[in-house]
Amino acid sequence: MPANVVVIGSLNMDLVTRAPRLPRGGETLIGHSFATVSGGKGANQAVAAARLGAKVAMIGCVGNDDYGVQLRDALLAEHIDCQAVSVVEDSSGVALIVVDDNSQNAIVIVAGANGAMTEAVIDRFDAVLQAADVVICQLEIPDATVGHALKRARELGKTVILNPAPASRPLPADWFASIDYLIPNESEAAALSGLAVDSLQSAETAATQLIAMGAGKVIVTLGAQGSLFANGNGFEHFPAPTVKALDTTAAGDTFVGGFAAALANGKSEAEAIRYGQIAAALSVTRAGAQPSIPTMSEVQAFKPA
């Protein structure tokens, strides 16, 4: 069946260590555990959308190594269309992740095969884009490719979501007109807007700035403080469900995938935000990236504390 959500982005093998705290410069810590877990923001969002009710296709690149096989197989196990996941002559992307006892993490990413995601790759799989209702992009592949994908999705009349992660600087000005929903977290909203974001009020100011720059609508995810939705005519704050966090890895990806799946299935913006929030809340109660992402039935069964 045609995919109603297409995710364009990264696939990484996550090398995850749990430790009492994050190490300081030059310091060696004794860790609690180590695991390899399929991840990458693009793949995480594809898995989230698939588990949460969408038909999903992925456009991305993996290396010609064991990690590449594992990353592709992890998507296939979720019934994700992988015809556009190409194998290239490089190592697969990896993310080195340390998670501390307070569930905070520090991450170093090595792009590897994700760097082979060129504009030509997007053009080669244009038929996959044409079959979509919703297209999701992030920033773990080359910027030129992201910009090209956003513009092509807009030309095709798709609902376009950009999760600007990781972000350390403003986006190219010509991207904004192609974005229906810009979904940054607090630090990303600050980097994109040039404004400090450390409260609900400052998130409103940053969201207003991003809409003035051309984004259609903005959802700032605020962790335990929930989400702020802005559409240029006002704001709505969505408080987060209360849960006991174990590991925040992939919480943002789970929100994006859940939000996209709900939109693709005809839910309203408010319903889609709440759905994504419940999915993200469930994900932080579990360890790992893709292993932590809940299913649609789990979200539907969720009862707030």
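Residues numbered from 1 in each chain as written. Predicted model: local features only at pLDDT ≥ 70, side-chain atom pairs only at ≥ 80, totals over all residues. Heavy atoms only, no water.

Chemist: Can you help me understand the overall build of the chain in this one?
Modeler: A tally of helices and strands in the chain yields ten helices and 13 strands. Here the chain has a C-alpha radius of gyration of 18 Å; the compact-globule value for 305 residues is 19 Å, and the two agree. Expressed as lengths along the three principal axes of its C-alpha atoms, the size of the chain is roughly 50 × 45 × 40 Å. Counting the 305 residues in the chain, one finds 52% classified as buried. When the 19 positive and 30 negative side-chain charges of the chain are each reduced to one mean point, those points stand 5 Å apart. (Helix = DSSP H or I, 4+ residues; strand = E, 2+ residues; numbered from the N terminus. Rg over C-alpha atoms; globule rule 2.2 N^0.38 Å. Buried < 20%, exposed > 50% of the residue type's maximum accessible area, 1.4 Å probe, protein only. Lys, Arg positive; Asp, Glu negative; His and termini not counted. Charge placed at Lys NZ, Arg CZ, Asp CG, Glu CD.)

Chemist: Sorry if this is basic, but what is going on with the UniProt feature "domain: Carbohydrate kinase PfkB" (unreviewed entry) in the chain here?
Modeler: Following the UniProt record, the feature "domain: Carbohydrate kinase PfkB" (unreviewed entry) maps to residues 4–295 here. Secondary structure over residues 4–295 splits into 33% helix and 24% strand, and the C-alpha atoms at its two ends are 18 Å apart. (UniProt positions renumbered as here; feature names shortened; annotations may be inferred.)

Chemist: In this structure, what is going on with the UniProt feature "binding site: ATP" (unreviewed entry) in the chain? I would like to understand it.
Modeler: Within this structure's numbering, the places UniProt gives as "binding site: ATP" (unreviewed entry) are Asn185, Thr221, Leu222, Gly223, Ala224, Gln225, Gly226, Gly252 and Asp253. As for the annotated residues, the ones lining the largest pocket are Asn185, Thr221, Leu222, Gly223, Ala224, Gly226, Gly252 and Asp253. Topologically, asparagine 185 is positioned in the loop between strand E10 (181–182) and helix H6 (186–193). On the accessibility criterion, asparagine 185 (27% relative accessible area) is partly exposed. For asparagine 185, the residues in contact, after removing those within four places along its chain, are Val220 and Thr221. Checked against the element boundaries, alanine 224 lands in the loop between strand E11 (217–221) and strand E12 (227–230). (1 Å grid on protein atoms, 1.4 Å probe; cavity = no way out; pocket = protein on both sides within 12 Å on 5 of 7 lines; lining within 4 Å. Contact = heavy atoms within 4.5 Å.)

Chemist: Sorry if this is basic, but what is going on with the pairing of strand E13 (residues 235–238) here?
Modeler: Successive side chains on a regular strand alternate, one facing one side of the sheet and the next facing the other. With four bridges joining them, E12 and E13 adopt antiparallel strand pairing. Within the sheet, the bridge partner assigned to leucine 228 lies in E13 and is histidine 237. Taking the residues that link successive antiparallel strands as the turn, the E12-E13 hairpin has four residues, and the phi of glycine 232 there is positive, at about 90 degrees. (Pairing = 2+ DSSP bridges.)

Chemist: How should the layout of surface pockets be read in this particular structure?
Modeler: Using a probe with the size of a water molecule, rolled over the atoms, empty space left in the structure can be pinpointed. What the largest pocket holds in volume is close to 1400 Å³. Around the largest pocket, the lining comprises 46 residues; the ones closest to its centre are Asn185, Thr248, Ala250, Ala251 and Gly252. At five residues, helix H8 (residues 251–264) tops the list of elements feeding residues into the lining of the largest pocket. Within the lining of the largest pocket, the residues separate by chemical class into 23 nonpolar, 17 polar and six charged. (Points joined across faces, edges and corners; volume = space filled by probe spheres on them. Nonpolar A, V, L, I, M, F, W, Y, C, P; charged D, E, K, R; others polar.)

Chemist: Would you take a moment to explain H6 for this structure?
Modeler: Helical periodicity: at 3.6 residues per turn, an α-helix aligns residues three or four positions apart in one direction. Burial in H6 covers these residues: Glu188, Ala189, Ala191, Leu192 and Ser193. Where H6 is buried, its residues touch E10, helix H7 (200–212) and E11. Looking one or two residues past H6, glycine 194 carries a phi angle of roughly 75 degrees, positive in sign.

Chemist: I tried to follow the sheet that holds strand E9 (residues 159–162) on my own but got confused; where do I start?
Modeler: Backbone-to-backbone hydrogen bonds pair the strands of a sheet. The strands run either parallel or antiparallel. The nine strands lie next to each other as E5-E4-E1-E8-E9-E10-E11-E12-E13, forming an open sheet whose pairing is mixed. Each edge of the sheet is formed by a strand with only one pairing partner; in this case those strands are strand E5 (81–88) and E13. Sheet analysis places E11 next to E12, joined by four bridges and oriented antiparallel. Bridge assignment links valine 218 to a residue of E12, and that residue is alanine 230.

Chemist: Hey, could you run me through the nonpolar core in this one?
Modeler: Generally speaking, nonpolar side chains in soluble globular proteins are found buried as a group. Residues Val5, Val56, Leu75, Ile80, Ile161 and Phe259 are the most contacted members of the largest nonpolar core, which totals 48 residues. The greatest single-element share of this core, amounting to eight residues, is contributed by H8. Counting residues in hydrophobic clusters, the runner-up holds 46 residues, among them Val121, Ala167, Ile179 and Val218. (Core = buried A, V, L, I, M, F, W, Y, C linked by side-chain atoms within 4.5 Å.)

Chemist: How should I be thinking about unusual backbone geometry in this particular structure?
Modeler: A cis amide bond, omega -5 degrees, links alanine 165 with the succeeding residue proline 166. Turning to its location among the elements, proline 166 is positioned in the loop between E9 and E10. Phi at histidine 79 takes a positive value of approximately 65 degrees, unusual for a residue other than glycine. Within the fold, histidine 79 resides in the loop between helix H2 (66–76) and E5.

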